[in-house]
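An overview of the molecular structure
Here are the chains, one letter per residue:
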Amino acid sequence: MSDKIIRAITPAEVRYGNKLLYKNKIVPVIGIHETTLRVKGLGDISILDFKPIPITKGLLKRYGFSIDKKGNEYIYYYDCEFTLRESLVGSPGYWYIYQVRMDGFKYIQYFHELQNVFFSLTGIELSTK
């Protein structure tokens, strides 16, 4: 793991099923409250006790990403092609979404789905103007 500072997690960026670090163990979130997250078998825990899991090449491989022929892109194939590249600018350990290719479209119907996608891609909550 790099020496970069790991920032605190906010409740707005956590979704059900997200995996986070708690006492150096990867745990899934099953409940979200204003100041706590619920973990199966552990109950409600202060959000301040969790850390984000840094993206690593090993983690990507474990979750089904495969490396391309050049060795610089990690691609996930399922119903789409989702490609990540490790940033060569700044500190190591930063990744960016290079491209997403899909056959057809991913349809959304509800506003919360749009909010989730928008937040995931921008880090900004949609708000009225």
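First things first, this report covers the structure right here in the doc.

Side note on the overall build of the chain
When you go through the chain residue by residue, the secondary structure sums to two helices and nine strands. Scanning the chain from its N terminus toward the C terminus, one meets helices and strands in the order β-β-β-β-β-α-β-β-β-β-α. Projected onto its principal axes, the C-alpha positions of the chain cover 45 × 40 × 30 Å. The long-range share in the chain, meaning contacts at least 24 apart out of those at least 6 apart in sequence, stands at 27%. In the form shown here, the chain has an accessible surface area of approximately 10,000 Å², with 57% of it arising from carbon and sulfur atoms.

Quick word on helix α2 (residues 111-122)
With twelve residues, α2 should reach 16 Å at 1.5 Å per residue; the first-to-last C-alpha distance of 16 Å fits that figure. Positive backbone phi, approximately 75°, marks Gly 123, located one or two places after α2.

Some words on the sheet that holds strand β6 (residues 66-67)
The strand order across the open sheet formed by four strands is β6-β7-β8-β9, and the pairing between neighbours is antiparallel. Where the open sheet ends on each side, the last strands, each with one partner, are β6 and β9 (95-102). Where β6 and strand β7 (residues 73-77) come together, two bridges link them in antiparallel fashion. The partner of Ser 66 across the bridge, within β7, is Ile 75.

Thoughts on unusual backbone geometry
Here the phi dihedral of Lys 23 falls at roughly 50°; this positive angle occurs in a residue that is not glycine. Checked against the element boundaries, Lys 23 lands in the loop between β1 (19-22) and β2 (25-32). The backbone of Asn 24 shows a phi angle near 60°, a positive value even though the residue is not glycine. As for its position among the elements, Asn 24 is in the loop between β1 and β2. On the accessibility criterion, Asn 24 (73% relative accessible area) is exposed.

Quick look at the packing of aromatic side chains
Each pair of aromatic rings is reported with the distance of its centres and the angle of its planes. Overall, the coordinates contain two aromatic pairs when judged by the stated rule. Between the aromatic rings of Phe 65 and Phe 82, the centroid separation amounts to 6.4 Å while the plane-to-plane angle is 75°, which identifies the pairing as edge-to-face. With Phe 65 in the loop between α1 (57-62) and β6 and Phe 82 in strand β8 (residues 80-86), this pair connects stretches of sequence that are 17 residues apart. The exposure class assigned to Phe 65 is buried, which follows from its relative accessible area of 14%. According to the relative accessible area criterion, Phe 82 is partly exposed, its value standing at 25%.

A closer look at the pairing of β7
Pairing geometry for β7 and β8, over five bridges, is antiparallel. Residue Glu 73 lies in a different strand from β8, and its bridge partner there is Arg 85.

Details of the sheet that holds β1
With respect to topology, five strands assemble into an open sheet ordered β4-β3-β2-β1-β5, the strand pairing being antiparallel. The sheet is open, and its two edges are formed by β4 (43-46) and β5 (50-51), each paired on a single side. As judged from the four bridges shared by strand β3 (residues 36-39) and β4, these two strands associate in the antiparallel manner. Paired with Val 39 across the two strands is Gly 43, which belongs to β4.

So, how was this worked out
Residues numbered from 1 in each chain as written. Predicted model: local features only at pLDDT ≥ 70, side-chain atom pairs only at ≥ 80, totals over all residues. Heavy atoms only, no water. Helix = DSSP H or I, 4+ residues; strand = E, 2+ residues; numbered from the N terminus. Contact = heavy atoms within 4.5 Å. Areas by Shrake-Rupley, 256 points an atom, 1.4 Å probe, with all protein chains shown as cover. Expected span 1.5 Å × (residues − 1). Pairing = 2+ DSSP bridges. Buried < 20%, exposed > 50% of the residue type's maximum accessible area, 1.4 Å probe, protein only. Phe/Tyr/Trp six-rings, centres within 6.5 Å; stacked < 30°, edge-to-face > 60°.

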